[in-house]
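Here is what each chain is made of, one letter per residue.
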Amino acid sequence: SSAEIANSTLTQRQTGSDVNSDGDGYAYETGVQNGEGFFARAGLIPGTSVSSLPRSGSARMSGHYEAARVTGIDLNNGRLTGFARTARGSMTLTADFDDHTLKGTSNNGILNVNGTFEGQTLEGDVVYSGIPGTLSGKIGGDEAIGIFNGKSESAIMAGGFIVAE
């Protein structure tokens, strides 16, 4: 199953999504907004929910991430240029319910997640292919669904992950 960002006005788009068997998940896109440059965004599917949180303990959650990036962004003779790539990979994250953290790195080392949570609300930081970004999403006792996007001086990225115990 898949999803996409609704009513997108981006051109030269790279898109992706992941949806679990419960219909929970995310969608992301990168592309060019006419007259405004490159954009990267991600969102949870409306109604996405996760299980309740335990009071303590920890969980190792495994799954996949998917993301897109545009690197080498430059203005060349009045034209905005860049190199677009997408990637998907496996990852394992550790949720610490005592410290309220979700941390880990993808198996290929390209995505690093450093999240915190209050209740089921996940937030924090990521680094994807060397590009820093902001993390948000939801976490439950046996699963987490995260979205992220960010930029550097000459690159943008967006993506998401679904991991479960």
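Sequence order sets the numbering: in each chain, residues are counted from 1 along the sequence as written. The model is predicted, so local features are restricted to residues of pLDDT at least 70 and side-chain atom pairs to those at 80 or more, both for listing and for counting; the totals for chains, interfaces and linings are taken over all residues. Derived side-chain values reflect all non-hydrogen atoms in the structure, with water molecules and hydrogen atoms excluded from consideration.

Draft legend 1. Inspection of the overall build of the chain at higher detail. On a plain count of helices and strands, the chain comes out with 0 helices and 11 strands. The globule rule is 2.2 Å times the number of residues to the power 0.38, and the radius of gyration it is compared with is taken over C-alpha atoms. Taking 15 Å as the expected radius of gyration for a compact globule of 165 residues, we find that the chain reaches 16 Å, a close match to that expectation. Each principal axis of the C-alpha atoms in the chain carries an extent, and together these give about 60 × 30 × 25 Å. Should any heavy atoms of two residues lie within 4.5 Å, those residues are counted as being in contact. Contacts in the chain between residues far apart in sequence, at least 24 positions, make up 50% of those at least 6 positions apart. Shrake-Rupley sampling with a 1.4 Å probe provides the accessible areas, and residues are treated as covered by the protein chains on show and by no other component. In the structure as shown, the chain presents an accessible area of about 8,300 Å², 42% of it carried by carbon and sulfur atoms. Each helix is a run of H or I in the DSSP string that is no shorter than four residues. Each strand is a run of E no shorter than two, and both are numbered from the N terminus.

Draft legend 2. Focus on the environment of Pro 46. Here Pro 46 lies in the loop between β3 (37–44) and β4 (58–76). Distance in space between the C-alpha atoms of Pro 46 and Val 163 is 18 Å, their sequence separation being 117 residues.

Draft legend 3. View of the sheet that holds strand β11 (residues 155–164). A barrel is described by the order of its strands in space; here 8 strands give the closed sequence β4-β5-β6-β7-β8-β9-β10-β11, paired in antiparallel fashion. Strand-to-strand twist of the sheet, defined as the mean angle between neighbouring strand axes without regard to direction, takes the value 20°. Two strands pair if DSSP finds at least two bridges between them. The sheet contact formed by strand β10 (residues 143–152) and β11 spans 10 bridges and is antiparallel. Within β11, the residue paired with Ile 147 across the bridge is Gly 160. What counts as an axis is a line fitted to C-alpha atoms, over the stretch in contact for a helix, and the angles between N-to-C directions run from 0 to 180 degrees.

Draft legend 4. Expanded view of the nonpolar core. To define a nonpolar core, start from buried Ala, Val, Leu, Ile, Met, Phe, Trp, Tyr and Cys residues and group those joined through side-chain atoms within 4.5 Å. For the exposure calls, accessible area comes from a 1.4 Å probe over protein chains only, and a residue counts as buried if that area is under 20% of its type's maximum, exposed if over 50%, partly exposed in between. Met 61, Met 91, Leu 102, Leu 111, Val 113, Phe 148 and Phe 161 are the most contacted members of the largest nonpolar core, which totals 24 residues. Listed by contribution, the elements that provide at least two residues to this core are β4, β5 (79–96), β7 (111–118), β8 (121–128), β9 (131–139), β10 and β11. Apart from the residues lying within four places of it in its own chain, the contact partners of Leu 111 are Tyr 65, Met 91, Gly 104, Thr 105, Ser 106, Val 126, Val 127, Tyr 128 and Phe 148. If you look at the next biggest cluster of nonpolar residues, it comprises 13 residues, including Tyr 26, Ala 68, Val 70 and Ile 147.

Draft legend 5. The arrangement of the pattern of salt bridges in detail. Should a side-chain nitrogen of Lys or Arg be within 4 Å of a carboxyl oxygen of Asp or Glu, the pair is scored as a salt bridge. Applying the stated criterion across every chain, the model contains 3 salt bridges. The residue Arg 13 makes a salt bridge to Glu 29 at a minimum N-O spacing of 2.8 Å. Of this pair, Arg 13 sits in strand β1 (residues 11–19) while Glu 29 sits in strand β2 (residues 25–33), and the two are 16 residues apart along the sequence. For Arg 13, a relative accessible area of 35% gives the class partly exposed. A salt bridge links Glu 29 to Arg 41, with the shortest nitrogen-to-oxygen separation between them at 2.7 Å. Within this pair, whereas Glu 29 is found in strand β2, its partner Arg 41 is found in strand β3, the two being separated by 12 residues in sequence. With a relative accessible area of 0%, Glu 29 lands in the buried category. A relative accessible area of 28% means that Arg 41 is categorised as partly exposed. Here the residues in one salt-bridge network are Arg 13, Glu 29 and Arg 41, joined through shared partners.

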